[in-house]
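So you can see what is in the structure, the chains are spelled out below.
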Amino acid sequence: MEQKEFQLNDIVEMKKPHPCGTNRWKVIRLGMDIRIKCEGCGHSVLIPRRDFTRKLKKVLERQED
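Residues numbered from 1 in each chain as written. Predicted model: local features only at pLDDT ≥ 70, side-chain atom pairs only at ≥ 80, totals over all residues. Heavy atoms only, no water.

> Can you walk me through the sheet that holds strand β4 (residues 44-48) in this structure?
Backbone hydrogen bonds hold the strands of a sheet together, and the pairing may be parallel or antiparallel. With antiparallel pairing, the 5 strands of this open sheet are ordered in space as β4-β3-β2-β1-β5. Every other strand in the sheet has two partners, leaving β4 and β5 (56-61) as the edge strands with one partner each. Taken over all neighbouring pairs, the strand axes of this sheet differ in orientation by 40° on average, direction set aside. With 5 bridges joining them, strand β3 (residues 33-38) and β4 adopt antiparallel strand pairing. From the neighbouring strand, Arg 35 faces β4, where its bridge partner is Leu 46. (Pairing = 2+ DSSP bridges. Helix = DSSP H or I, 4+ residues; strand = E, 2+ residues; numbered from the N terminus. Axes fitted to C-alpha atoms, helices over the stretch in contact; angles between N-to-C directions.)

> Sorry if this is basic, but what is going on with unusual backbone geometry here?
The bulk of non-glycine residues show a negative phi, and the bulk of peptide bonds are trans. The phi dihedral of Asn 9 is positive, around 70°, even though this residue is not glycine. Position of Asn 9 among the secondary structure elements: in the segment before β1 (11-14).

> Would you take a moment to explain the nonpolar core for this structure?
As a rule of thumb, soluble globular proteins bury nonpolar side chains together. The biggest cluster of nonpolar side chains holds 11 residues, and these are Phe 6, Val 12, Met 14, Trp 25, Val 27, Ile 34, Ile 36, Cys 38, Ile 47, Phe 52 and Leu 56. At the level of secondary structure, the elements contributing two or more residues to this core comprise β1, β2 (25-29) and β3. Excluding anything up to four places from it in sequence, Cys 38 contacts His 18, Cys 20, Thr 22, Arg 24, Trp 25 and His 43. (Core = buried A, V, L, I, M, F, W, Y, C linked by side-chain atoms within 4.5 Å. Buried < 20%, exposed > 50% of the residue type's maximum accessible area, 1.4 Å probe, protein only. Contact = heavy atoms within 4.5 Å.)

> For this particular structure, what's the right way to read the pattern of salt bridges?
Pairing is possible between side chains that carry opposite charge, provided their charged atoms lie close to one another. Evaluation of the coordinates by the stated rule reveals 5 salt bridges. Between Asp 10 and Arg 62 there is a salt bridge, and its shortest N-O distance comes to 3.6 Å. Here the residue Asp 10 occupies a position in the segment before β1, and Arg 62 occupies one in the segment after β5, the gap between them amounting to 52 residues. For Asp 10, a relative accessible area of 1% corresponds to the buried category. For Arg 62, a relative accessible area of 48% puts it in the partly exposed group. Three or more residues are tied together by salt bridges with common partners; here these are Glu 13, Lys 57 and Lys 58. (Salt bridge = Lys/Arg side-chain N within 4 Å of Asp/Glu carboxyl O.)

> How do you make sense of the environment of Glu 64 when you look at a structure like this?
If you trace the backbone, Glu 64 turns up in the segment after β5. Given the relative accessible area of 63%, Glu 64 is considered exposed. Once the C-alpha coordinates of Glu 64 and Asn 9 are considered, the two residues, 55 residues apart in sequence, prove to be 9.2 Å apart.

What follows is the structure in structure tokens.
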């Protein structure tokens, strides 16, 4: 299985959209748990890293250093 690469402040797309209709999420915290924030309504969700990597579809925008 491929290792998906993501960093802090990346914009990602998950397999299922948020109930508000948007499928763009910003990674705002990294660690054992990943906190992502919906770009549409601003709701944030804390997901265990294992679940996040399984539910991640693709990285839409990378944070440039």
